[in-house]
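Summary of the model geometry
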Amino acid sequence: MVEVKDCWLKDTCLRYGNCESFCMKLFKLDQLYEKALVPLNLRKHVNLRPDGNGTDREEFKQLKSFTDNIEEFVNSGKCLYIHSNTTGNGKTSWALRFIEAYLNAIWWRSDLKCRALYISVPRFILALKENISTPSSYIEYINSNVFEADLVVLDEVGIKTATTFEMEHLLNIVNQRVELGKSTIYTSNLADSELKEKLGSRLYSRIVNYSYNIELCGIDKRGLFDR
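Everything in this summary refers to the structure shown in the same document. (Residues numbered from 1 in each chain as written. Predicted model: local features only at pLDDT ≥ 70, side-chain atom pairs only at ≥ 80, totals over all residues. Heavy atoms only, no water.)

**Topic: the overall build of the protein chain**
Within the protein chain, the regular secondary structure consists of nine helices and five strands. Taken from the N to the C terminus, the helices and strands of the protein chain come in the order α-α-α-β-α-β-α-α-β-α-β-α-α-β. At 18 Å, the protein chain has a C-alpha radius of gyration in line with the 17 Å of a compact globule built from 227 residues. C-alpha atoms of the protein chain, sized along the principal axes, occupy 55 × 50 × 30 Å. Evaluated residue by residue, the protein chain yields a buried proportion of 49% over its 227 residues. Sequence-distant contacts in the protein chain: of pairs separated by 6 or more residues, those separated by 24 or more amount to 81%. In the structure as shown, the protein chain presents an accessible area of about 11,400 Å², 48% of it carried by carbon and sulfur atoms. Distance from the positive charge centre (30 side chains) to the negative charge centre (30 side chains) of the protein chain: 2 Å. (Helix = DSSP H or I, 4+ residues; strand = E, 2+ residues; numbered from the N terminus. Rg over C-alpha atoms; globule rule 2.2 N^0.38 Å. Buried < 20%, exposed > 50% of the residue type's maximum accessible area, 1.4 Å probe, protein only. Contact = heavy atoms within 4.5 Å. Areas by Shrake-Rupley, 256 points an atom, 1.4 Å probe, with all protein chains shown as cover. Lys, Arg positive; Asp, Glu negative; His and termini not counted. Charge placed at Lys NZ, Arg CZ, Asp CG, Glu CD.)

Below, the structure written as structure tokens:
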């Protein structure tokens, strides 16, 4: 459990500095983030800004509008596809912002089950390969929670070559969440034609045709966002 002195909420919490030794908000959010598989170094609030020349300004406004109304977004089962040919311009940071916004909205009334889930697709594909010979607790956890979680992020879709079996596993996740009316966010560094070639037409169609489509065109800002 994270202690108050190590609080990663302090930059946005109005009570920080006047905390007691135990903070219920920190305790519950820490548990919810653990169950979401978001590591500690990715939990701190990030100030997301478009390029100074205005590139992606409207896209950032739309993404902010979604996160400002996060419960409506999730409860309506909306999906989002954030993509760009440029790395490091905010795709993953925005996907994590959706998890942050949702957990901040529900922590006070939520039980401590998996309400959101962050899945790095390259890590997931690698774990599926390893799971054939050695059972993976990571794969077991995802399989146990991916259809129940209110919000799932599939980060870096299509970035790693996968076998037919692995792609079918991913397709099953996407299909089931669409059929269940669950909210899913996808990110990709690939152009549409490359993504379709990597994923195949069925999985590509499920992701692109059932999602709000936002393309980011800004520069690589990695290291510029405050974390």
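**Some remarks on the nonpolar core**
In terms of nonpolar packing, the biggest core is built from 38 residues, with Ile 70, Leu 80, Phe 98, Ile 99, Leu 103, Leu 151 and Ile 185 touching the most fellow members. Tallying contributions element by element places helix α4 (residues 91-106) first for this core, with 10 residues. For Ile 99, the contacting residues outside a window of four places in its chain are Tyr 33, Val 38, Ala 116, Leu 117, Tyr 118, Leu 151 and Val 153. (Core = buried A, V, L, I, M, F, W, Y, C linked by side-chain atoms within 4.5 Å.)

**Examining the packing of helix α1 (residues 24-35) against α4**
Relative to each other, α1 and α4 sit at 135°, their axes nearing to 10 Å. In this view, α1 runs oblique relative to α4, as classed from their interaxial angle. The element α1 and its partner α4 pack so that their crossing is right-handed. Between α1 and α4, the contacting residues are Lys 25, Leu 29, Leu 32 and Tyr 33 on the first element and Ile 99, Glu 100, Leu 103 and Asn 104 on the second. Residue classes in the contact of α1 with α4 are distributed as five nonpolar, one polar and two charged. (Axes fitted to C-alpha atoms, helices over the stretch in contact; angles between N-to-C directions. Parallel < 35°, antiparallel > 145°, perpendicular 65-115°, else oblique. Left-handed = near helix turned anticlockwise from the far one by under 90°. Nonpolar A, V, L, I, M, F, W, Y, C, P; charged D, E, K, R; others polar.)

**Some points on the packing of aromatic side chains**
How two aromatic rings sit relative to each other is set out by the distance from centre to centre and by the angle between their planes. Per the counting criterion, the structure on display carries seven aromatic pairs. With centroids separated by 5.0 Å and ring planes inclined at 85°, the aromatic side chains of Trp 8 and Tyr 33 adopt a geometry described as edge-to-face. Linking Trp 8 in the segment before α1 with Tyr 33 in helix α1, this pair joins segments that are 25 residues apart in sequence. The buried category is assigned to Trp 8, whose relative accessible area is 8%. Overall, Tyr 33 belongs to the buried group, its relative accessible area being 3%. The lysine or arginine in question, Arg 97, covers the ring of Trp 94, its NZ or CZ lying 5.7 Å from the ring centre. Above the ring of Tyr 138, the side-chain terminus of Arg 123 is found at 3.7 Å from the ring centroid. (Phe/Tyr/Trp six-rings, centres within 6.5 Å; stacked < 30°, edge-to-face > 60°. Lys NZ or Arg CZ within 6 Å of the ring centre and 35° of its normal.)

**What to know about the packing of helix α5 (residues 121-131) against helix α6 (residues 137-145)**
The interhelical angle for the contact between α5 and α6, taken along N-to-C directions, is 115°, at an axis separation of 9 Å. Taken as axis vectors, α5 and α6 run roughly perpendicular relative to one another. The way α5 lies across α6 gives a crossing that is left-handed. Mapping the contact onto sequence places Arg 123, Phe 124, Ala 127, Leu 128 and Asn 131 in α5 and Tyr 138, Ile 139 and Ile 142 in α6. A per-class count over the contact of α5 with α6 returns six nonpolar, one polar and one charged.

**Things to note about α5**
For α5, the set of buried residues is Val 121, Pro 122, Phe 124, Ile 125, Ala 127 and Leu 128. Where α5 is buried, its residues touch β2 (116-120), α6, β3 (151-155) and α7 (164-180).

**Brief notes about α1**
Between its first and last C-alpha, α1 extends 17 Å over 12 residues, near the 16 Å set by a 1.5 Å rise per residue. On its buried face, α1 sits against α4. Leu 37 sits one or two residues past α1 and shows a positive phi near 65°. (Expected span 1.5 Å × (residues − 1).)

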